Amino acid sequence: MSEQTNDFEEFYGAKFEDLAVGQSGVYARTVTEADILAFAGVTGDFNPVHVNEELAAASMFGGRIAHGMLSAGFISTVFGTKFPGPGSIYLSQTLKFKAPVKIGDTVVARCTIKELTPEKRKAKFDTVCTVKGKVVLEGEAEIMVPKR
């Protein structure tokens, strides 16, 4: 019988010492009807442009669109599960929404290191979400990364 410990190191992603400017992580997901309804249910954001086809068709978008924060959530997915990965702490994020995302669009979230601050174990990232190569969201994030 093995002794259980509280050491979760094996679950963590990259360590600060492993990072370099220019490295990036990526996540892609095709947005579904279920994603939009689940996001609305969890957040309470039932804006008709997201959930009512008839009203959304009369909007400037000509139909339903996904919540902008759903795409922003894919950036969090990169940080928490891909790169730097588990153990990293999200400190801040700026967002500029550039274009709508519709049901069936595949959103590609890419986070690229632009600056490292070793004494604080902080990394600044350019964050971009695209659909078919077109930027739909862009911003900057700061993450704290565990040391070795």
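Residues numbered from 1 in each chain as written. Predicted model: local features only at pLDDT ≥ 70, side-chain atom pairs only at ≥ 80, totals over all residues. Heavy atoms only, no water.

Asks: If you had to explain the pairing of strand β3 (residues 106-117) to someone new, which residues and values would you point to?
Replies: Remark: a regular strand shows side chains that alternate across the two faces of the sheet. Taken together, the 7 bridges between strand β1 (residues 24-30) and β3 define a ladder with antiparallel strand orientation. Looking across to β3, one finds that Thr30 is bridged to Thr106. In textbook terms, the turn of a hairpin is the stretch between consecutive antiparallel strands, and for β3 and strand β4 (residues 122-131) this stretch comprises 4 residues, one of which, Arg121, has a positive phi near 55 degrees. (Pairing = 2+ DSSP bridges. Helix = DSSP H or I, 4+ residues; strand = E, 2+ residues; numbered from the N terminus.)

Asks: How would you sum up the packing of aromatic side chains? Please name residues and give values.
Replies: Two descriptors summarise a pair of aromatic rings, namely the distance from one centre to the other and the angle between the planes of the rings. For the coordinates displayed, the defined rule picks out 4 aromatic pairs. Pairing Tyr27 with Phe74 gives two aromatic rings, centres 5.8 Å apart and planes at 55 degrees, and the pair type is tilted. Remark: Phe74 occurs in helix α4 (residues 68-82) and Tyr27 occurs in strand β1; sequence separation between them is 47 residues. Taken together, the ring pairs in this structure connect Phe79, Phe83, Tyr90 and Phe125 into an aromatic cluster. (Phe/Tyr/Trp six-rings, centres within 6.5 Å; stacked < 30°, edge-to-face > 60°.)

Asks: Can you break down the side chain of Asp35 residue by residue, with the values?
Replies: Relative to the helices and strands, Asp35 is located in helix α1 (residues 33-43). Polar contacts involving the side chain of Asp35 include one to the side chain of Arg29, which spans 2.7 Å. A distance of 2.9 Å separates the side chain of Asp35 from the backbone nitrogen of Thr32, its partner in a polar contact. Not counting residues within four places of it along the chain, the set of residues in contact with Asp35 comprises Arg29, Thr30 and Leu70. (Polar contact = N/O pair within 3.5 Å; in protein donor to acceptor, adjacent residues only side chain to side chain. Contact = heavy atoms within 4.5 Å.)

Asks: Which residues make up the pattern of salt bridges, and what values do they have?
Replies: Scanning all chains against the criterion turns up 6 salt bridges. For the salt bridge of Glu33 with Arg64, the shortest nitrogen-to-oxygen distance reads 2.8 Å. With Glu33 in helix α1 and Arg64 in the loop between α3 (53-57) and α4, this residue pair connects regions lying 31 residues apart in the sequence. Judged by relative accessible area, which is 35%, Glu33 ranks as partly exposed. Take Arg64: its relative accessible area is 11%, and that puts it in the buried class. Beyond isolated ion pairs, a larger network of salt bridges with shared partners links Lys114, Asp126 and Glu140. (Salt bridge = Lys/Arg side-chain N within 4 Å of Asp/Glu carboxyl O. Buried < 20%, exposed > 50% of the residue type's maximum accessible area, 1.4 Å probe, protein only.)

Asks: Go over the side chain of Ser71 with me, naming the residues and quoting the values.
Replies: Position of Ser71 among the secondary structure elements: in helix α4. In contact with Ser71, other than residues within four places in its own chain, are Val101, Val107, Cys129 and Leu137.

Asks: Go over a nonpolar patch on the surface with me, naming the residues and quoting the values.
Replies: Among the surface-exposed residues, Phe8, Phe11 and Tyr12 lie close enough to one another that they form a single nonpolar patch of about 340 Å² accessible area. Following the sequence through the fold, Phe8 ends up in the segment before β1. (Patch = residues over 30% accessible without salt bridge, like charges linked within 9 Å, V, L, I, M, F, W, Y side chains within 5 Å. Areas by Shrake-Rupley, 256 points an atom, 1.4 Å probe, with all protein chains shown as cover.)

None of this, on its own, says anything about what the molecule does.
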